[in-house]
Amino acid sequence: MRRYVLKRVAQTVLTAWLTVTAVFVLLRMAPGDPAVNYAPPNPSSEQLEAIRHQFGLDQPVLQQYFTYLGQVLRGDLGQSFQFRQQALDVVMQRLPYTITLAVVAIVVTALVAVPLGVWMARRRDTAPELGANMATIAGQSMPDFWIGFVLLIVFAVNLQVFSPSGFTSMSSIVLPCLTIVILQVALISRLVRREMVTNLTAPYVTIARSRGVSERRLTWRYAFANSAIPVVTALGTRFAAMLNGVVIVEVVFKWPGVGELVVDALQRRDFPLIQATVLVTVVLALVVQLLVDLLYPLMDPRVRLGQEARA
């Protein structure tokens, strides 16, 4: 188990480093001069050079990279060009909004998708299941920005039930959360259905049924227990993706999370803020994935026994 944990931690650190490096390189390869965004109108070449020097952009790229890595190792993610304060502080001000949205969305998704998927598996090839299946396919096919606009028009513009944008009260989370949940429920419930159908038709379930085990116990204790790992993996993956900033949803609803922040930073070419946002959200997502992986041996003894055998 210790070897497994150390291996996963090492993979997490390596992935974070590769991501940070890729973002750094891509930003420096992008066309345009960030100094132009922070200069007065019609700047002189001396003014632009002074801004580049202030931001450290006049240094060779390799020197900028190693300077940046050294700062990261010291916990310093640089100063935002736009906000003129530590980029990490700016990200941490926005991060709670994204985490709140992601947590609420993934909890609602699990509460709806798992029972729905189990219900569809139990009633497979019936008319109600066919209708539910078609609804999930439709939900999976609709782009999230389109769902967001429809919800805005219906509930914010026509009915005026919810605020159209920003965060004014806890009810402001309803529409962005619902936009995320519709797509995620469609994805997860279809996964649960597929896994449950496979396990409900497996020989061990048939044998248990012939011995008089109740259908409720067969469904949850036997079939769902064996379907849990792929379902938990999918939920963890989706949650990690949400922590990376549900960019389109946050932009549509002007939700003040890191997704909207990074879009604004890209427009302003605020390199330290983009790098800080990516680093923080990627580390959070990797930690979530690591925790999900560490749950496997606890959820399925076969995983634990396999690790012990390899050790």
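Presented here is a report on the structure given in the accompanying data block.

Calculation rules
- Residues numbered from 1 in each chain as written.
- Predicted model: local features only at pLDDT ≥ 70, side-chain atom pairs only at ≥ 80, totals over all residues.
- Heavy atoms only, no water.
- Core = buried A, V, L, I, M, F, W, Y, C linked by side-chain atoms within 4.5 Å.
- Buried < 20%, exposed > 50% of the residue type's maximum accessible area, 1.4 Å probe, protein only.
- Helix = DSSP H or I, 4+ residues; strand = E, 2+ residues; numbered from the N terminus.
- Contact = heavy atoms within 4.5 Å.
- Salt bridge = Lys/Arg side-chain N within 4 Å of Asp/Glu carboxyl O.
- Phe/Tyr/Trp six-rings, centres within 6.5 Å; stacked < 30°, edge-to-face > 60°.
- Lys NZ or Arg CZ within 6 Å of the ring centre and 35° of its normal.

## Focus on the nonpolar core
Part 1: Counting residues in each nonpolar core, the largest one holds 41 residues, and the members touching the most others are I180, V192, M196 and M242.
Part 2: Top element by residues in this core is helix α8 (residues 174-200). It accounts for 11 residues.
Part 3: Excluding residues that lie within four positions of it along the chain, M242 makes contacts with T98, A102, A105, I106, I180 and Q184.
Part 4: Counting 34 residues, the second largest nonpolar core, distinct from the first, contains V20, Y65, L95 and L286.

## With respect to the environment of L286
Part 1: Along the chain, L286 falls in helix α13 (residues 271-299).
Part 2: C-alpha of L286 to C-alpha of Q140: the two residues are 146 residues apart in sequence and 25 Å apart in space.
Part 3: Apart from the residues lying within four places of it in its own chain, the contact partners of L286 are T12, T15 and A16.

## Considering the pattern of salt bridges
Part 1: Evaluation of the coordinates by the stated rule reveals 7 salt bridges.
Part 2: We note a salt bridge from R94 to E260, for which the minimum N-O separation is 3.5 Å. A residue pair is termed long-range when its members are at least 10 positions apart, and R94 in helix α5 (residues 87-122) and E260 in helix α12 (residues 258-268) qualify at 166 residues.
Part 3: Residue class for E260 comes out partly exposed when judged on its relative accessible area of 21%.
Part 4: For R193, the salt bridge identified is with E129, shortest N-O distance 2.6 Å. With R193 in helix α8 and E129 in helix α6 (residues 127-141), this residue pair connects regions lying 64 residues apart in the sequence. Each member of the pair, R193 as well as E129, carries the same accessibility label: buried.
Part 5: Residues joined by salt bridges that share partners form a network here, namely D33, E49 and R52.

## Quick word on the packing of aromatic side chains
Part 1: A complete count under the given rule lists 13 aromatic pairs for this structure.
Part 2: Pairing Y65 with F66 gives two aromatic rings, centres 5.4 Å apart and planes at 65°, and the pair type is edge-to-face.
Part 3: On the basis of relative accessibility, which here comes to 52%, the residue F66 falls in the exposed class.
Part 4: Connected via pairs of aromatic rings, a cluster forms that spans F24, Y65, F66 and Y68.
Part 5: If you follow R28 out to its NZ or CZ, it ends over the ring of F24, 3.9 Å from the centre.

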